Amino acid sequence: MFQYKLDNAKTWSVVEGQHTILCTDLKLAGLASLVNTTSPALSYMFNQYLNTNYYDYINNYRIEEFKRLVSEPESEKYTLSALAAKCGFSSRASFFRYFKRASSISPSEYVKSIGKNNREQDLIVGKM
């Protein structure tokens, strides 16, 4: 959550609560519109107050959502690609790249480390 005051701080809570951040097509301009500000102002807020850029913030949020989902028992029936798609990643490659950069291990290694057995092949739910 931001450590500064938006015009309407409740708006940001609603955005997170509705999982708007997990939409694959969410762009900076769309998020700025949702929180009633401009793209440059929102970009500045990410950089200045969170010391990160928009895309890194969104991808880190999505990775945390993946970690939450994969820890649930029903996640075992989904492929890693399907779970990544549920978290807002539009491609398997970008998901794996960001996950490894944020966690220093691959998603498969993470799943094994928490004792889960997700299917790695894209057969059950379909390809991304």
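Located above this text is the structure these notes cover.
Rules of the game
- Here the residue numbers are simple positions, counted from 1 along each chain's written sequence.
- Two thresholds apply to this predicted model, a pLDDT of at least 70 for residue-level local features and 80 or more for giving and counting side-chain atom pairs, whereas whole-chain, interface and lining totals are computed over all residues.
- Just so you know, side-chain values use all the structure's heavy atoms and leave hydrogens and water out.
- Counting from the N terminus, the helices are DSSP H or I runs at least four residues long and the strands are E runs at least two residues long.
- Each residue is assigned to one of three classes by its accessible area relative to the maximum for its type, calculated with a 1.4 Å probe on protein chains only: buried under 20%, partly exposed between the two thresholds, exposed over 50%.
- Note on definitions: a residue-residue contact is assigned when non-hydrogen atoms from the two residues lie within 4.5 Å.
- Here a helix's expected span is defined as the number of its residues, less one, multiplied by 1.5 Å.

Draft legend 1. Quick look at the environment of Leu 69. With respect to the helices and strands, the residue Leu 69 is situated in helix α4 (residues 54–70). On the basis of relative accessibility, which here comes to 10%, the residue Leu 69 falls in the buried class. In sequence terms Leu 69 and Lys 86 are 17 residues apart; their C-alpha atoms lie 9.1 Å from each other. Among residues more than four places away in sequence, those in contact with Leu 69 are Ser 75, Leu 83, Lys 86 and Cys 87.

Draft legend 2. Highlighting helix α6 (residues 92–103). With 12 residues, α6 extends 16 Å from end C-alpha to end C-alpha; this agrees with the ideal 16 Å at 1.5 Å per step. Where α6 is buried, its residues touch α4, α5 (80–86) and α7 (107–113). A positive phi of about 65 degrees marks Ser 104, the residue just after α6.

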